[in-house]
Amino acid sequence: MKKRILSVFLTLTLVIGFIIPFIARADEGITVTYGEESETFLINSNNISDAFSSAFNFCNYTQAEHFDIKVPAGTYTVEYPVTVSSNTTLDLSDVVLINENSNIFKTQSDVKAYNGTHDFKVIGGEFTYVKEYDGTSCLVRMAHAKNIEFNGSVFSNNKNSHHVELAACNNVLFENCTFKNMEGSISNTSGEALQIDILEESQHFALMPEYDGTMNQNITVNKCTFSNLLRGVGTQSAFAGLYHKNIKIINCEFNNILSTAISCTNYINSTISNNKITKCGEGIHFYMMKTDSSLNNMCVISGKGSINKDCSSVISNNTISVSKTAGASTASPIFIYGSNITKDKGVNFPTGNYYVGNIKVTGNTLTSNDVGIRMYDVKKSTIYKNTINGGTKNSGIYVDADCDSNTIEENIIKGFEHGINIKNKSDSNTVLRNQVSSTVKNGVIVQSTCSGNSVSANKITSAGNNGILVDGAKTTSVVANTVTKPKNHGVCLLSAELTKLNKNTINTAGANGIYLDAKTTVKELTSNSISSSKSNGISAYGSISKVSSNTFTSNQWGIYFAPGTKATLYNNTYTSNAKGAGYNAGSTNSYKFSNLSKPSPTLSQKSKTVTVKWKKITNATNYEIYRATKKDGTYTKIKTVSSKTLSYKDAKRTKGKTYYYKVRAVRKMNSITQYSSYSLIKSIKIK
């Protein structure tokens with residue numbers, strides 16, 4: 001049987017122009033084992049290319065289910081690229097393969113989709129270039145392949161290019177592998193050590209006849225080490241509207257990466273998790289569109305693809321430390337980028353909003369001397385329970401360029417210029433239960449052109465300027481936050497529009513607890529607790545529809561209203577404020593104020609007329625009388641009378657019916673309206 005197989009193989013190889021060198025002794029050549037049989041192929045001196053070609057061709061032309069190839073320990077030169085075979089396990093334990101100017105291994109090229117080389121596994125081995133190599137190729141190049149595995153292999157010594165390239169592959173695993181040592185400088189053409197690429201005829205993967213838009217899927221990089229490289233692992237280029245699926249980069253270590261450790265371009269249903277990234281220029285990039293400076297990396301296949309609305313991807317539990325280097329524009333542990341491409345961009349692919357949708361960034365520990373998490377055109381995503389430590393620049397979480405409907409929740413942020421920064425038409429985001437401390441300027445800032453954002457239940461400590469700054473933003477709510485020891489204001493509102501400013505606790509502000517400028521409007525300012533402000537509890541220059549149930553303790557004035565301020569006050573609590581409860585600095589008539597006392601009405605009846613009486617309330621300018629037909633029913637205001645009138649006759653009541661009344665005092669001065677609490681409800685039955 002062995003002789004018949006060998007005879008057939010010799011005939012085939014002679015036809016294609018080569019002779020198989022072989023020898024019977026396994027320790028002097030490459031041994032191919034299949035079933036109970038084996039063949040050995042002579043290694044010509046230290047050049048192993050011919051022996052590899054012979055062995056892989058033998059596997060291709062021999063009818064067997066699987067082949068195991070063993071290479072003797074040693075260092076070998078590979079002079080030309082070798083096409084590997086399917087259904088093969090290659091054992092390169094204690095083997096070093098050196099190439100001078102091209103690939104060591106590549107896959108079958110005359111195929112479509114995932115129909116090329118399959119079920120190929122490499123165990124161990126080091127793939128490397130000679131020191132003089134000029135960096136024009138990569139060590140391993142695989143496309144249109146499936147079920148590929150490298151376990152424990154080492155890839156080293158390239159210049160400005162990749163160690164390994166994949167394109168149009170399905171089910172590939174790199175596990176316990178090492179990628180190291182890459183020379184060169186960062187540019188748009190310098191590559192990841194392990195590149196997950198696309199097939200595009202004019203730019204990517206030459207000599208692959210089928211440029212059919214097949215994307216990578218089910219690629220796993222697990223427990224690998226990347227060190228001393230220009231970039232680590234991932235994808236720079238993309239087709240507009242086509243996506244890599246189920247990419248997993250997990251449990252890896254990245255050290256001393258000049259640029260980006262992990263670059264994810266057009267990934268969906270993917271996981272970047274439990275990686276350790278140190279001494280890198282950038283951490284993890286996640287793109288649905290490239291930045292303007294690198295739009296040339298975006299390609300198009302006519303008639304294929306559509307814009308993805310749901311990334312369904314996770315970046316979790318990574319530990320990332322980056323540092324902005326000389327000449328670099330940023331240093332981001334995590335950078336998430338989408339963009340709305342319009343015709344005026346002048347690019348050669350369909351216009352549309354290529355935003356990042358439904359990505360979860362959680363459990364990461366991030367350190368940067370620049371920005372923490374950068375977000376552009378990110379929608380319906382979650383930034384949850386990350387710990388972010390920074391220096392004195394940029395923002396812990398930077399939300400820019402149409403980031404909408406995201407949840408930023410339970411992150412711990414220390415340092416930076418701003419803790420959380422929302423700007424540039426970013427709407428309806430929820431900033432919830434974050435802990436922000438020791439910022440140079442603001443704990444949370446929401447800027448102009450933004451609307452509908454909610455800042456709730458955050459704890460902000462020792463902000464270098466304001467705890468929360470809303471600067472020009474509209475329909476914002478600021479609720480149930482705790483702000484302690486801001487250098488300036490607890491909450492600062494500039495040309496802002498707030499729906500709710502409620503239930504916040506502000507302690508020891510360096511200026512005011514809450515500050516509103518003249519162009520600010522607030523609908524509700526209720527149930528806040530403001531204490532120990534160096535200036536006032538509230539300093540208001542704008543307009544507040546409702547100021548109610550707030551507690552002011554140990555400030556200067558509890559509330560200070562500037563001339564022209566419009567506000568409506570209901571009962572607040574004032575305790576130990578140095579200058580007093582409140583002050584209205586009117587343009588012509590300034591005055592101090594505190595709560596109006598609550599009236600105590602009495603009722604009497606004559607015929608069908610009810611008389612409501614009360615005693616004078618100090619500082620009241622009016623009284624309002626309300627009536628209902630049920631104690632817990634709807635009360636209608638039936639009359640407003642001047643301060644000189646202390647009674648009201650309510651005539652033509654119905655005999656046998658019971659009526660309920662309550663009264664409150666009103667003070668109207670300048671543009672301020674102040675109300676007392678309602679009196680106790682009184683009732684009377686008409687006889």
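Rules of the game
- Residues numbered from 1 in each chain as written.
- Predicted model: local features only at pLDDT ≥ 70, side-chain atom pairs only at ≥ 80, totals over all residues.
- Heavy atoms only, no water.
- Helix = DSSP H or I, 4+ residues; strand = E, 2+ residues; numbered from the N terminus.
- Buried < 20%, exposed > 50% of the residue type's maximum accessible area, 1.4 Å probe, protein only.
- Contact = heavy atoms within 4.5 Å.
- Lys, Arg positive; Asp, Glu negative; His and termini not counted.
- Charge placed at Lys NZ, Arg CZ, Asp CG, Glu CD.
- Expected span 1.5 Å × (residues − 1).
- Patch = residues over 30% accessible without salt bridge, like charges linked within 9 Å, V, L, I, M, F, W, Y side chains within 5 Å.
- Areas by Shrake-Rupley, 256 points an atom, 1.4 Å probe, with all protein chains shown as cover.
- Salt bridge = Lys/Arg side-chain N within 4 Å of Asp/Glu carboxyl O.
- Pairing = 2+ DSSP bridges.
- Axes fitted to C-alpha atoms, helices over the stretch in contact; angles between N-to-C directions.
- Polar contact = N/O pair within 3.5 Å; in protein donor to acceptor, adjacent residues only side chain to side chain.
- Core = buried A, V, L, I, M, F, W, Y, C linked by side-chain atoms within 4.5 Å.
- Phe/Tyr/Trp six-rings, centres within 6.5 Å; stacked < 30°, edge-to-face > 60°.
- Lys NZ or Arg CZ within 6 Å of the ring centre and 35° of its normal.
- pLDDT = per-residue confidence, 0-100.
- Disulfide = S-S within 2.5 Å.

Turning to the overall build of the protein, a few remarks are in order. The secondary structure content of the protein amounts to two helices and 73 strands. Its C-alpha atoms give the protein principal-axis dimensions of about 130 × 55 × 45 Å. Within the span of the protein, comprising 687 residues, buried residues form 54% of the whole. A separation of at least 24 residues holds for 60% of the contacts in the protein among residues at least 6 apart in sequence. Charge centroids of the protein, computed over 73 positive and 48 negative side chains, lie 31 Å from each other.

Attention now goes to helix α2 (residues 49–61). For α2, built from 13 residues, the straight-helix expectation of 18 Å at 1.5 Å per residue is met to within 8% by its first-to-last C-alpha distance of 18 Å. Those residues of α2 that sit buried are Ser49, Ala51, Phe52, Ser53, Ser54, Ala55, Phe56, Asn57, Phe58 and Cys59.

Glancing now at unusual backbone geometry. Even without glycine at this site, Asp377 takes up a positive phi of about 50°. Along the chain, the position of Asp377 falls in the loop between β36 (373–376) and β37 (378–379). Here Asp377 falls in the buried class, since its relative accessible area comes to 1%. Notably, Arg433 is not glycine yet its phi reads approximately 55°, a positive angle. Looking at where Arg433 falls in the secondary structure, it is placed in the loop between β44 (430–432) and β45 (435–437). Residue Arg433 is classed as partly exposed on the basis of its relative accessible area of 39%.

What follows deals with a negative patch on the surface. Among the surface-exposed residues, Asp50, Glu79, Glu100 and Glu132 lie close enough to one another that they form a single negatively charged patch. Counting through the fold element by element, Glu79 comes out in the loop between β4 (74–78) and β5 (82–83).

Here the focus is the pairing of strand β14 (residues 164–167). Covered by surrounding structure in β14 are Val164 and Leu166 together with Glu165 and Ala167, the residues of both alternating faces. By the bridge criterion, four bridges tie strand β11 (residues 140–143) to β14 in an arrangement that is parallel. Bridge pairing links Ala143 to Ala167 in β14. The pairing of β14 with strand β17 (residues 192–197) spans four bridges and is classified as parallel. Each residue of the ladder has a partner; that of Glu165, found in β17, is Gln195.

Glancing now at the sheet that holds strand β66 (residues 602–606). Here three strands make up an open sheet; going across it, the order is β66-β67-β70 and the pairing antiparallel. Each edge of the sheet is formed by a strand with only one pairing partner; in this case those strands are β66 and β70 (647–650). Shown here is a sheet whose adjacent strand axes are inclined to one another by a mean of 20°, direction ignored. Bridge count between β66 and strand β67 (residues 609–613): five bridges; the pairing is antiparallel. By the bridge assignment, Lys606 is partnered in β67 with Thr609.

Let's shift gears to the pairing of strand β18 (residues 217–222). Here strand β15 (residues 170–175) pairs with β18 via five bridges, running parallel. When the bridges of β18 are listed, Asn170 appears paired with Gln217. Summarising the sheet, β18 and strand β22 (residues 244–250) pair through five bridges and their orientation is parallel. Bridging across to β22, Val221 finds its partner in Ile249.

This part covers the pattern of salt bridges. For the structure shown, the criterion picks out 14 salt bridges. Across the pair Arg433 and Glu409 runs a salt bridge whose closest N-O atoms are separated by 2.3 Å. Of the two residues, Arg433 sits in the loop between β44 and β45 while Glu409 sits in strand β41 (residues 407–409), which places them 24 residues apart along the sequence. Of the residues examined, Glu409 reaches a relative accessible area of 14% and is grouped as buried. In the salt-bridge network here, residues are joined through shared partners; they are Lys385, Glu409, Glu410 and Arg433.

Among the secondary structure elements, Ser456 is positioned in strand β47 (residues 454–456). Side-chain polar atoms of Ser456 contact the side chain of Ser454, separated by 3.0 Å.

Now for the nonpolar core. By size, the foremost hydrophobic cluster in this structure holds 136 residues, and its most contacted members are Phe105, Phe174 and Phe226. Sort the elements by how many residues they give to this core and α2 lands first, with six residues. Each residue touching Phe226, except ones within four places of it in the same chain, is listed here: Phe179, Ala193, Leu194, Val221, Gly232, Val233, Cys252, Glu253, Phe254, Asn255 and Ile257.

With that settled, the discussion passes to the packing of aromatic side chains. A complete count under the given rule lists 35 aromatic pairs for this structure. Centroid distance Phe120 to Phe150: 6.5 Å. Interplanar angle 75°. Geometry classified as edge-to-face. Of this pair, Phe120 sits in strand β9 (residues 118–123) while Phe150 sits in strand β12 (residues 146–151), and the two are 30 residues apart along the sequence. Residue class for Phe150 comes out buried when judged on its relative accessible area of 1%. Taking the centre distance of 4.6 Å and the plane angle of 5° together, the rings of Phe226 and Phe254 count as stacked. In this pair, Phe226 is assigned in strand β19 (residues 225–229) and Phe254 in strand β23 (residues 253–265), connecting sequence segments 28 residues apart. Classification of Phe254 as buried rests on a relative accessible area of 1%. Linked through ring pairs, Phe52, Phe56, Phe105, Phe120, Phe127, Phe150, Phe155, Phe174, Phe179, Phe226 and Phe254 together constitute an aromatic cluster. Above the face of the Tyr355 ring, Lys379 is positioned so that its terminal group lies 5.6 Å from the ring centre. Its guanidinium or amino end placed over the ring of Tyr635, Lys662 lies 4.4 Å from that ring's centre, counting from NZ or CZ.

The next subject is the confidence of the model for the protein. The predicted model of the protein averages 91 in pLDDT, with 93% of residues at 70 or higher. Scored below 50 in pLDDT, residues 1–27 makes 42 contacts in the model with residues more than four places away or belonging to other chains.

Attention shifts here to the state of the cysteines. What the rule picks out here adds up to zero disulfides. Note on Cys177: no disulfide assigned, nearest cysteine sulfur contributed by Cys224 at a separation of 4.6 Å. There is no disulfide at Cys252, and the cysteine sulfur nearest it, in Cys224, is 4.7 Å away. By relative accessible area, which is 1% here, Cys252 ends up buried.

Within the secondary structure layout, His418 lies in strand β43 (residues 418–422). Looking at His418, its side chain comes within polar contact range of the side chain of Asn442, at 3.3 Å. Apart from the residues lying within four places of it in its own chain, the contact partners of His418 are Asn394, Ser395, Gly396, Thr439, Lys441, Asn442, Gly443 and Ile445.

A few words now on the environment of Asn297. On the secondary structure map, Asn297 appears in the loop between β26 (276–287) and β27 (298–299). Accessibility expressed as a relative area gives 7% for Asn297, which makes it buried. With 83 residues separating them in the primary sequence, Asn297 and Lys380 have C-alpha atoms 26 Å apart. Residues contacting Asn297, with those up to four places away along its chain left out, are Gln236, Ser237, Ala238 and Lys290.

As a further point, take the environment of Ser237. Mapped onto the fold, Ser237 is located in the loop between β20 (231–234) and β21 (238–239). Classification of Ser237 as buried rests on a relative accessible area of 3%. Placed 262 residues apart in sequence, Ser237 and Thr499 show a C-alpha to C-alpha distance of 44 Å. The contacts of Ser237, once residues within four sequence positions are left out, are Asp197, Ile198, His204, Thr265 and Asn297.

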